[in-house]
Amino acid sequence: NKGNIIFYYAPKNELIIFGEIYDKNKKSFTQEKRDQIQAGKINDIPLDKAIIIGTGKNKVIEFSDPDCPYCRKAALYFKDKNVTKYVYLIPIPQLHPKAEEKAKYILAAADRAKAYYEVMSGAKDKDDLSNQKVSKEANDLYQSQQSIGSRVGINGTPVFWINGKYVPGANMKMFDSLLEK
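The following refers to the structure shown. (Residues numbered from 1 in each chain as written. Predicted model: local features only at pLDDT ≥ 70, side-chain atom pairs only at ≥ 80, totals over all residues. Heavy atoms only, no water.)

## Structural notes on the overall build of the protein
Alright, step 1. Helix and strand content of the protein: six helices and seven strands.
Alright, step 2. Listing the helices and strands of the protein from first to last along the sequence gives β-β-α-β-β-α-β-α-α-α-β-β-α.
Alright, step 3. Projected onto its principal axes, the C-alpha coordinates of the protein cover approximately 60 × 35 × 30 Å.
Alright, step 4. By the burial criterion, 42% of the 181 residues in the protein qualify as buried.
Alright, step 5. Put simply, the protein shows about 10500 Å² of open surface, and 52% of that area lies on carbon and sulfur atoms.
Alright, step 6. For the protein, the centre of its 29 positive side-chain charges and the centre of its 22 negative side-chain charges are spaced 3 Å apart. (Helix = DSSP H or I, 4+ residues; strand = E, 2+ residues; numbered from the N terminus. Buried < 20%, exposed > 50% of the residue type's maximum accessible area, 1.4 Å probe, protein only. Areas by Shrake-Rupley, 256 points an atom, 1.4 Å probe, with all protein chains shown as cover. Lys, Arg positive; Asp, Glu negative; His and termini not counted. Charge placed at Lys NZ, Arg CZ, Asp CG, Glu CD.)

## Quick look at the environment of P11
Alright, step 1. Looking at the element boundaries, P11 is found in the loop between β1 (7-10) and β2 (15-18).
Alright, step 2. For the pair formed by P11 and D44, sequence separation is 33 residues and the distance between their alpha carbons is 32 Å.

## Things to note about the pairing of strand β4 (residues 58-64)
Alright, step 1. Taken across its seven residues, β4 has six buried, putting it largely inside the fold.
Alright, step 2. The pairing of β4 with strand β5 (residues 83-89) spans seven bridges and is parallel. Bridge pairing in β5 places S64 opposite L89.
Alright, step 3. The parallel pair β4 and β5, bridged by helix α2 (residues 69-78), forms a crossover whose chirality is right-handed.
Alright, step 4. As paired strands, β4 and strand β6 (residues 159-162) are joined by four bridges and run antiparallel to one another. Of the residues in β6, the one forming a bridge with E62 is F160. (Pairing = 2+ DSSP bridges. Right-handed = clockwise from strand over helix to strand, strands pointing away.)

## Regarding the pattern of salt bridges
Alright, step 1. For the structure shown, the criterion picks out ten salt bridges.
Alright, step 2. For E32, the salt bridge identified is with K27, shortest N-O distance 2.8 Å.
Alright, step 3. Here K27 falls in the partly exposed class, since its relative accessible area comes to 42%.
Alright, step 4. Measuring nitrogen to oxygen at the nearest pair gives 2.6 Å for the salt bridge that ties K102 to D67. In this pair, K102 is assigned in helix α3 (residues 99-108) and D67 in the loop between β4 and α2, connecting sequence segments 35 residues apart. One exposure class covers both K102 and D67, and it is buried. (Salt bridge = Lys/Arg side-chain N within 4 Å of Asp/Glu carboxyl O.)

## Observations regarding unusual backbone geometry
Alright, step 1. Of the consecutive residues T157 and P158, the connecting peptide bond is found in the cis state with omega at 0°.
Alright, step 2. Topologically, P158 is positioned in the loop between α5 (136-152) and β6.
Alright, step 3. Positioned with a positive phi, N163 is a non-glycine residue whose angle comes to about 50°.

## Some points on the packing of α3 against helix α4 (residues 112-120)
Alright, step 1. Axis separation between α3 and α4 bottoms out at 7 Å; the angle between their running directions is 155°. Taken as axis vectors, α3 and α4 run roughly antiparallel relative to one another. Contacts from K102, Y105, I106 and L107 of α3 reach α4 at R112, A115, Y116, E118 and V119.
Alright, step 2. For the contact of α3 with α4, a count of residues per class yields six nonpolar, no polar and three charged. (Axes fitted to C-alpha atoms, helices over the stretch in contact; angles between N-to-C directions. Parallel < 35°, antiparallel > 145°, perpendicular 65-115°, else oblique. Contact = heavy atoms within 4.5 Å. Nonpolar A, V, L, I, M, F, W, Y, C, P; charged D, E, K, R; others polar.)

That's the geometry; what it means functionally is another story.
Quick look at the structure:
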């Protein structure tokens, strides 16, 4: 299940238990284990298949849907930060039917970073990108990114690893705490 559901086994009673387990301080041991599993997946992400944006000292790996409003907020958040972003575009067509066209637009662009910010700002929302010409190279990269997302277990966006720490969602407070000042 790619680390999304944690099972516990009690061998003495031969019981299998799944669900959240908390300590007396309301800290979830289950979420901690999920985060450990997700953090370990960072080694399975080939950075050469990403769109590389920036040259900052903080390393951000991002899985985004070009039409996701939370992904767009996160893109704006990171725009002027001291980061090097490795971006993988994972459209969720059930929620955003035009996201795949936008992802391919970005991947086909000569300047992918510029195209990324253009799309994430909403500047391409009214454009018809359905008839765009996409090279074999851009299509192959798109397929590679989908495969990487699937292998890592991405089933919703946004998802980040910031300086090695897994961050589900657009959690700006967590972003602040993980970025080196």
